[in-house]
Structures are given as C-alpha cells and as structure tokens.
Amino acid sequence: MKLTIVAYPDKRLRLKSKDVTSFDKKLHNLLDSMYQIMMDTNGIGLAAIQVAHPIKALVLNIPDEEGEQPNENILEIINPVITHQKGETVYQEGCLSVPKFYEDIKRYETLTLNYQDRDGNAQTIEADGLLSIAIQHEIDHLNGVLFIDKLAYGRRKKFEKEYKRMLKEQSSS
Ligand code: Y12
Ligand code: CO
C-alpha cells in the first residue's frame, strides 16, 4: 500500500481517530506499510492519521542501547487506553508530520497501557523512558493533538513563523 506522510498544517491531522473494529488483512497491510514508511523516514513512531487513515492504530520502534531498530522490536498498538500515568519528564520531541522541528515537551514519566494487537488480542504494557514518551506523543495524534500544541504562546508564535518560512523556502527551491 503506497502511503505518504501528512504534514502540518494539513487539517487532516486534527481529525479524531475512530476505534478499529476489523482486525483483517486490510488492517495488516496498513500496519505493514506504516512500519515501512516510518523506517524509511528514520521515524520511531507513527500514527495512522499521519498517513491519512483516521483509525486508532500506531506503530513504534524504539531504538535499543546501540541505537538499532531491529524489526522484532516493532510494537503495533491498536485502540490504546492509558490506565495509569505518573511522574514527569521532559524530552526534545520531533514528529514526522512536523519536519525539522524539535521542542522540549513535558510528559508523564511512566504509564500503563491497555491495547489490542493486530489480531485483536488484549495486551497490557508498562512503559517508561522513551517508550512512554512515544506512546503519549502518538496517542495525542489519535486525538488530533500535535506536540507543538503544548508549546507556550511565545514559543508557538516563533515556531509558526519559522515553519512558514521553511515551507516558503521549500516551495521556491
Ligand atoms: C520521542 C519523541 C517523539 C516521538 C514521536 C515519533 N517521532 C518521530 O519518529 C520523529 C521522526 C523524525 C524523523 C526525521 O527524519 C526524516 O524525516 C528523514 C526528522 O528529520 C527531519 O525532519 C529533517 C524529524 C523527525 C517519539 C519519542
Ligand atoms: Co508525531
């Protein structure tokens, strides 16, 4: 399945994603293609809405201690629900839908997540570190929220100015 990444300020990124109800070949093809485009673009997390599919599905591949992302570390998360979250952490986040921008964002440090795998089986994981941050970032996408929405007013204004300039430069080159 040929996918392209939807980039800010495309309004489709503001859609609220719907529950997945069919765990069929179509879903599996979408997950496989999402994983492929995420790896091809050096991503570590991607929500289906970022490839114009407003369903509650996301893929993650968190780098290990060596910075490697072996295929067996892939996490496919369908219909996620965070049941517990605590602590506080700040990390410089980036997003495949907001290219070239990185910002410090405050998140919960640890969480417990209930979700379904690609076959609809119920799963639970406890997450901390980068995995916890990535899960929160991607679940925000399912609710139409981007990491830049969490910036303070002044920082957001600066971002909008710089991003507009970048888009203008891109379109004239
Ligand atoms: C911590 C922080 C954020 C997340 C969400 C997942 N974010 C990403 O996967 C970001 C990927 C990314 C990749 C880039 O490289 C290319 O596009 C080739 C990139 O570089 C440029 O835009 C030039 C920016 C972001 C999880 C955990
Ligand atoms: Co993102």
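How each quantity is defined
- Residues numbered from 1 in each chain as written.
- Chains lettered and ligands numbered in written order.
- Predicted model: local features only at pLDDT ≥ 70, side-chain atom pairs only at ≥ 80, totals over all residues.
- Heavy atoms only, no water.
- Helix = DSSP H or I, 4+ residues; strand = E, 2+ residues; numbered from the N terminus.
- Buried < 20%, exposed > 50% of the residue type's maximum accessible area, 1.4 Å probe, protein only.
- Donors = N, O, S within 2.8 Å, 3.2 Å for Na, K, Ca; no water.
- 1 Å grid on protein atoms, 1.4 Å probe; cavity = no way out; pocket = protein on both sides within 12 Å on 5 of 7 lines; lining within 4 Å.
- Points joined across faces, edges and corners; volume = space filled by probe spheres on them.
- Nonpolar A, V, L, I, M, F, W, Y, C, P; charged D, E, K, R; others polar.

**Student:** Sorry, what's going on with the environment of Ala-57 here?
**Tutor:** Relative to the helices and strands, Ala-57 resides in strand β2 (residues 57-60). Of the residues examined, Ala-57 reaches a relative accessible area of 0% and is grouped as buried.

**Student:** Please clarify how unusual backbone geometry should be interpreted in this entry.
**Tutor:** Across residues other than glycine, the phi torsion is negative in most instances, and most of the peptide bonds are trans. That bond from Tyr-8 to Pro-9 is cis: its omega, 10°, falls within 30 degrees of zero. Position of Pro-9 among the secondary structure elements: in the segment before α1 (25-40). With a phi angle near 70°, Ala-52 is a residue other than glycine that sits in the positive phi range. By secondary structure assignment, the location of Ala-52 is in the loop between β1 (45-47) and β2. Residue classification places Ala-52 among the partly exposed positions, given a relative accessible area of 35%.

**Student:** Just checking my understanding: could you explain the coordination of the cobalt ion (ligand 2) for this structure?
**Tutor:** For a metal with four tetrahedral donors the ideal donor-metal-donor angle is 109.5 degrees, whereas six octahedral donors ideally subtend 90 or 180 degrees. Those protein atoms acting as donors to the cobalt ion (ligand 2) are Cys-95 (SG), His-137 (NE2) and His-141 (NE2), and they sit at 2.1 to 2.2 Å. Ordering the donors of the cobalt ion (ligand 2) by residue number gives the pattern C-x41-H-x3-H. One end of the pair, Cys-95, is in strand β4 (residues 89-95); the other, His-141, is in helix α2 (residues 129-142), and 46 residues separate them in sequence. Here the two residues Cys-95 and His-141 agree in accessibility, since each one is buried.

**Student:** Would you mind showing me how to read the layout of surface pockets here?
**Tutor:** Empty space among the atoms becomes visible once a probe the size of a water molecule is rolled across them. As a volume, the largest pocket reaches approximately 450 Å³. Lining the largest pocket are 24 residues, and of these Ile-44, Glu-93, Gly-94, Cys-95 and Leu-96 sit closest to its centre. For the lining of the largest pocket, the secondary-structure elements that each account for two or more residues are β4, β5 (98-107) and α2. Counting residues per element, the lining of the largest pocket draws most heavily on α2, at six residues. Class assignment of the residues belonging to the lining of the largest pocket gives a composition of twelve nonpolar, nine polar and three charged. There is about 240 Å³ of room inside the second largest pocket.

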